[in-house]
Amino acid sequence: MHDFEAVLQRVRSSGLRLTRQRRIILRAMCDLDGHASAEEVYQRVSRSRSDVDLSTVYRALVRLRDLRILSQIDLGRSCAEFEIVGERRHHHLVCVSCGTVMELDHSYLAALEEAVRHDFDFDPAFDHFALFGHCAECAKRGPGFRAGAG
Ligand SMILES: [Zn+2]
Ligand SMILES: [Zn+2]
């Protein structure tokens, strides 16, 4: 669970104006604790607020993503999902057959990050990454890779 006050502090130090709407949306992100789509955040926010619409939520999420307070990830669920960027970076292994999502510590990508930086003189934003494939269970059942899942 993310510390709401710490997240607000990061927004303040990023220079972004902490409007009431952004505060409410960040509160919802903290409460949802994990990945959430704009739709899910909107559902949560609209329980108590009727003046915030889906496009407002989406714009706020994108703005916060651009400041790297949130990260955006495609977990193959046909909509972008957002998550608060924490102290410890993590990524995901997504099984395209059963939808299982496993967590991958950033240390697995650290070497790749370093190589990209060195070889391409490019600073990659490896905040939150999804690798698609098959879990052990599904691999046992044979091939069935769904095209377009990545
Ligand atoms: Zn994640
Ligand atoms: Zn699977």
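Bear in mind the structure is a predicted one, so any value in this text is a computation, not a measurement. (Residues numbered from 1 in each chain as written. Chains lettered and ligands numbered in written order. Predicted model: local features only at pLDDT ≥ 70, side-chain atom pairs only at ≥ 80, totals over all residues. Heavy atoms only, no water.)

1. What about the pattern of salt bridges?
- Applying the stated criterion across every chain yields a total of twelve salt bridges.
- For Glu103, the salt bridge identified is with Arg88, shortest N-O distance 2.7 Å. With Glu103 in strand β5 (residues 101-105) and Arg88 in the loop between β3 (81-84) and β4 (90-95), this residue pair connects regions lying 15 residues apart in the sequence.
- Among the residues examined, Glu103 registers a relative accessible area of 48% and is labelled partly exposed.
- Exposure remark for Arg88: the relative accessible area of 48% places this residue in the partly exposed category.
- The network of salt bridges with common partners includes Arg89, Glu113, Glu114, Arg117 and Asp123. (Salt bridge = Lys/Arg side-chain N within 4 Å of Asp/Glu carboxyl O. Helix = DSSP H or I, 4+ residues; strand = E, 2+ residues; numbered from the N terminus. Buried < 20%, exposed > 50% of the residue type's maximum accessible area, 1.4 Å probe, protein only.)

2. Re the coordination of the zinc ion (ligand 1)
- Listed as protein donors to the zinc ion (ligand 1) are His35 (NE2), Glu83 (OE), His90 (NE2), His92 (NE2) and His128 (NE2); their distances from the metal cover 2.0 to 2.3 Å.
- In terms of primary sequence, the donors binding the zinc ion (ligand 1) are separated according to H-x47-E-x6-H-x1-H-x35-H. Of the two residues, His35 sits in the loop between α2 (20-32) and β1 (36-37) while Glu83 sits in strand β3, which places them 48 residues apart along the sequence.
- With a relative accessible area of 9%, Glu83 lands in the buried category. (Donors = N, O, S within 2.8 Å, 3.2 Å for Na, K, Ca; no water.)

3. Re the coordination of the zinc ion (ligand 2)
- Listed as protein donors to the zinc ion (ligand 2) are Cys95 (SG), Cys98 (SG), Cys135 (SG) and Cys138 (SG); their distances from the metal cover 2.3 Å.
- Coordination at the zinc ion (ligand 2) comes from four donor atoms whose angles at the metal span 104 to 115 degrees, giving a geometry best classed as tetrahedral.
- The exposure class of Cys135 is buried, given its relative accessible area of 11%. (Tetrahedral: all angles 85-135°; square planar, octahedral: opposite > 155°, others 65-115°.)

4. Some details on the packing of helix α3 (residues 38-48) against helix α4 (residues 54-66)
- The contact between α3 and α4 brings their axes to 9 Å, and the two run at 120 degrees. Relative to α4, the element α3 is oriented oblique. Like other packed secondary-structure pairs, α3 and α4 cross with a definite hand, here right-handed. Contacts between α3 and α4 involve Ala38, Glu39, Val41 and Tyr42 on the former and, on the latter, Leu54, Val57, Tyr58 and Leu61.
- Residue classes in the contact of α3 with α4 are distributed as seven nonpolar, no polar and one charged. (Axes fitted to C-alpha atoms, helices over the stretch in contact; angles between N-to-C directions. Parallel < 35°, antiparallel > 145°, perpendicular 65-115°, else oblique. Left-handed = near helix turned anticlockwise from the far one by under 90°. Contact = heavy atoms within 4.5 Å. Nonpolar A, V, L, I, M, F, W, Y, C, P; charged D, E, K, R; others polar.)

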